[in-house]
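Descriptive structure summary
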Protein chains: 2
Amino acid sequence: MKMVDRLIESIIRRKNPTVVGLDPDIGKIPACYKDASQNEDPRAAVAEVITVFNRDVIDTIFDLVPAVKPQMAFYEKYGSHGVAAFEKTVAYAKAKGLVVIEDAKRNDIGNTAKAYADGHLGMVELLDGTKSPSVDADFLTVTPFLGSESLSPFVETCVKYDKGVFVLVKTSNPASGEIQDVVTPGGKTISQMIAAYVAEQAEACVGKWGYSPIGAVVGATYPGEAAELRRLMPRSYFLVPGYGAQGGGARDILPCFREDGLGAVVNSSRGILYTHMNDRERTICTRQEYLAGVKAATKEMQKDIYAALKGEYPKMVY
Amino acid sequence: MKMVDRLIESIIRRKNPTVVGLDPDIGKIPACYKDASQNEDPRAAVAEVITVFNRDVIDTIFDLVPAVKPQMAFYEKYGSHGVAAFEKTVAYAKAKGLVVIEDAKRNDIGNTAKAYADGHLGMVELLDGTKSPSVDADFLTVTPFLGSESLSPFVETCVKYDKGVFVLVKTSNPASGEIQDVVTPGGKTISQMIAAYVAEQAEACVGKWGYSPIGAVVGATYPGEAAELRRLMPRSYFLVPGYGAQGGGARDILPCFREDGLGAVVNSSRGILYTHMNDRERTICTRQEYLAGVKAATKEMQKDIYAALKGEYPKMVY
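The following paragraphs examine the structure supplied in this document. (Residues numbered from 1 in each chain as written. Chains lettered and ligands numbered in written order. Predicted model: local features only at pLDDT ≥ 70, side-chain atom pairs only at ≥ 80, totals over all residues. Heavy atoms only, no water.)

1. Focus on the overall build of chain A
- The secondary structure content of chain A amounts to 11 helices and 10 strands.
- Relative to the compact-globule value of 20 Å for 318 residues, chain A shows a C-alpha radius of gyration of 19 Å, a close match.
- By its C-alpha atoms, chain A is 55 × 55 × 40 Å across when sized along the principal axes.
- Relative to its 318 residues, chain A shows a buried fraction of 64%.
- Excluding contacts between residues fewer than 6 apart, the proportion of contacts in chain A whose partners are at least 24 apart in sequence is 73%.
- Accessible surface, chain A as shown: approximately 11100 Å² in total, 51% of it carbon and sulfur. (Helix = DSSP H or I, 4+ residues; strand = E, 2+ residues; numbered from the N terminus. Rg over C-alpha atoms; globule rule 2.2 N^0.38 Å. Buried < 20%, exposed > 50% of the residue type's maximum accessible area, 1.4 Å probe, protein only. Contact = heavy atoms within 4.5 Å. Areas by Shrake-Rupley, 256 points an atom, 1.4 Å probe, with all protein chains shown as cover.)

2. Brief notes about the pairing of strand S9 (residues 236-240) of chain A
Residues and elements named next belong to chain A.
- Judged by how many residues are buried, S9 sits mostly within the fold: five of five residues are covered.
- The alternating pattern of S9 places Ser 236, Phe 238 and Val 240 and Tyr 237 and Leu 239 on opposite faces, both of which are buried.
- One ladder, built from three bridges, connects strand S8 (residues 212-218) with S9; its direction is parallel. The residue bridging Ser 212 from the neighbouring strand is Ser 236, located in S9.
- Running through helix H9 (residues 223-232), the crossover from S8 to the neighbouring parallel element S9 is right-handed.
- Strand direction decides the pairing type here: S9 and strand S10 (residues 264-268), joined by three bridges, are parallel. (Pairing = 2+ DSSP bridges. Right-handed = clockwise from strand over helix to strand, strands pointing away.)

3. Quick look at the nonpolar core
- If you look at the biggest cluster of nonpolar residues, it comprises 222 residues, and the most contacted ones within it are Met 233 and Tyr 237 of chain A together with Met 233 and Tyr 237 of chain B.
- Excluding residues that lie within four positions of it along the chain, Met 233 of chain B makes contacts with Val 169, Ala 195, Val 198, Ala 199, Ala 216, Val 218 and Phe 238 of chain B. (Core = buried A, V, L, I, M, F, W, Y, C linked by side-chain atoms within 4.5 Å.)

4. Some thoughts on the relation of the copies chain A and chain B
- With an axial shift of 0.0 Å and an RMSD of 0.0 Å, the rotation relating chain A to chain B amounts to 180°. Each copy turns onto its partner about a two-fold axis. Relative to the rotation axis, the C-alpha of Ser 80 of chain A is the closest in chain A, positioned 2.3 Å from it.
- The residues that chain A uses at the interface reappear at the interface of chain B in 100% of cases, marking a shared surface. (Least-squares fit on C-alpha atoms with pLDDT ≥ 70 in both.)

5. A look at the sheet that holds strand S7 (residues 164-170) of chain A
Residues and elements named next belong to chain A.
- Pairing is parallel around the closed barrel formed by eight strands, whose spatial order is S1-S2-S3-S6-S7-S8-S9-S10. For this sheet, the mean inter-axis angle between neighbouring strands, taken without regard to orientation, is 30°.
- Where strand S6 (residues 139-142) lies against S7, four bridges are found, and the strand directions are parallel. Following the sheet pairing, Thr 141 is matched in S7 by Phe 166. (Axes fitted to C-alpha atoms, helices over the stretch in contact; angles between N-to-C directions.)

6. With respect to the pairing of strand S3 (residues 99-106) of chain B
Residue and element names in this part refer to chain B.
- Among the eight residues that make up S3, eight are buried, leaving the element largely enclosed by the rest of the structure.
- Where burial is concerned, the two faces of S3 agree: the one with Val 99, Ile 101, Asp 103 and Lys 105 and the one with Val 100, Glu 102, Ala 104 and Arg 106 are both buried.
- Here two bridges tie strand S2 (residues 67-70) to S3, and the two strands are oriented parallel to one another. Note that in S3 the partner of Val 68 across the bridge is Val 100.
- In this sheet, strand S6 (residues 139-142) lies alongside S3 in parallel orientation, the contact comprising three bridges. Residue pairing across strands places Arg 106 opposite Val 142, the latter belonging to S6.

7. Examining the pattern of salt bridges
- Scanning all chains against the criterion turns up 36 salt bridges over all chains.
- Notably, a salt bridge pairs Arg 231 of chain A with Glu 228 of chain A, separated by 2.9 Å at the nearest N-O pair. One end of the pair is Arg 231 of chain A and the other is Glu 228 of chain A, both in helix H9 and three residues apart, which spans about a single turn.
- Overall, the relative accessible area of 56% leaves Arg 231 of chain A in the exposed class.
- A cluster of three or more residues bridged by salt bridges with shared partners is formed by Lys 69, Asp 103 and Lys 105 of chain A together with Asp 108 of chain B. (Salt bridge = Lys/Arg side-chain N within 4 Å of Asp/Glu carboxyl O.)

8. Let's talk about the sheet that holds S2 of chain B
Residue and element names in this part refer to chain B.
- In space, the eight strands of this closed barrel follow the order S1-S2-S3-S6-S7-S8-S9-S10, with parallel pairing throughout. Here the strands of the sheet are splayed against their neighbours by 30° on average, with no regard to which way each runs.
- Packed onto the sheet, helix H4 (residues 79-95) meets strand S1 (18-22), S2 and S3 and runs at close to 150° relative to S3.

9. Considering the interface of chain A and chain B
- Across the contact, 66 residues belong to chain A and 66 residues belong to chain B.
- Of the roughly 5400 Å² buried between chain A and chain B, counting both surfaces, carbon and sulfur atoms make up 60%.
- The largest per-residue losses of area from chain A upon contact with chain B belong to Lys 77, Leu 127 and Phe 145 of chain A, which jointly make up 15% of the total buried on that side.
- Here chain A is connected to chain B by eight salt bridges.
- Taking the shortest distance from any N to any O, the salt bridge between Asp 108 of chain B and Lys 105 of chain A comes out at 2.8 Å.
- For the interface between chain A and chain B, the tally reads 34 residue pairs in polar contact (both at pLDDT 80 or more).
- Residue contributions to the side of chain A that touches chain B peak at seven residues, all from helix H5 (residues 110-120) of chain A.
- Of the residues contributing to the side of chain A that touches chain B, the split by class is 33 nonpolar, 19 polar and 14 charged. (Buried area = accessible area lost by both parts, 1.4 Å probe. Polar contact = N/O pair within 3.5 Å; in protein donor to acceptor, adjacent residues only side chain to side chain. Nonpolar A, V, L, I, M, F, W, Y, C, P; charged D, E, K, R; others polar.)

Below, the structure written as structure tokens:
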């Protein structure tokens, strides 16, 4: 089965189009995880704690959500040790049946873009001339600032290896409009121009549910823009950040979906992992107690989004 | 001495504003390096070959150029092993007195952008609450697609830790204009709008030669645009890709400089490392022979650029 169809069927089975963002922040990970490593190298010790923390979170939520979205910045800040923790997390999540969306916002030009595509989604050359998967995520977020030419190596890799990309089209942050909302000579915004490119490329790999893994990042914080982008990219899956901690509510994500209740996954990171930080009067004492909070927040998010979807799209397929 | 002044004084001492791009490509590294590792893990074996290859290149060129520019894509494609090779290369180059420009074109929003800035340029939090440098490059390339808000954590990190950034302003590739040349309501192109932001931030950390390490990537392939961008960012250092293999000549890079012969570093990667690929009739048999070619190409580039600069700016300071 195609990866995009596997994602969709997992969403349907769990009645849940939400994903958990794995953004490990050592300043917020509960104290009860800090003794998970005795490694003498201080960056390796952090990386080991992150690996154990992520495994526990994945064990807690793998049967509730279809996918996880590890944010590479929080791993690679610890150099090779952090990237090793990232790779272990990807492998563990995949072994648990989760789709892995690597949020790394990569891109460059020509053969450099190809190197990123090969490393994160495809295969890399070895000394003996053979090839091997490397990071091997299912999806990768990519940035379009260098133009369509920089995106094509990623699209080619997706087609070849049954992977996906989410191209940054309209991001969730307050300043996103500075570049993304500028109107081009054709009368479209930059976001809409990129959307047209994504929609065209998406046609190359549509799965049996009618969706393509050549997708787009569309922030929950701009629902008006999202409706137009949904129209422009009918077959592209959307990755929707900005729900929860960034201010987007359940109603704001609705324009990112289609009437079948498919077409988008909604991410929450801090709203799932760090709710214990809100409760300043209480100290988390055990991993069990912390993970119960993670599970409750994950279920709460599913309930919130699912109810909003059902209200808006009564004919949805799940 | 401030890092930007150290870069400038190294340029003056060597009469050389060119930098060598360390873009290791296992398909192009000479066969005589392929036996540099016996590691059983095939990705670790490639990473070890890259480390040895880079050390030899650095030993060959460290007294000829002021800086090296390792391109992260070619390392991280091999996952944590590749990033370990990257970190060893950074440390070795710095120990040899070179400034290190990490070309990784990173960015994200809010605390995620801060995580990239901390990891690549600043300090990261450890388990005991103390902080430590991590990748610790001197400069990092960053992408502005998410808006000025995404750039400010990098600027703050540069001011705090005496580091630099090169913000993508006008890239060297054929499709760069799709987004970068679009005209904003204020009548400026997107490139010029970003340039105005960079120029403003640059004022925060000007060194004794009058230049700031809050800089810009400006491609050698668009000399007309470059002249205007030079005017808009008088104090910012420029990183100029596109010379050599990408089609830019010595005359094309002149608008990126100021009359003092300073203000820009010009990169060549393939033109230095992989000239042996051009000579299909001859096989490189020894490392010595290969490195002699690297040295000759590095000197040739210096001669070419220096002559063009002297011709255009007779009053230059070196």
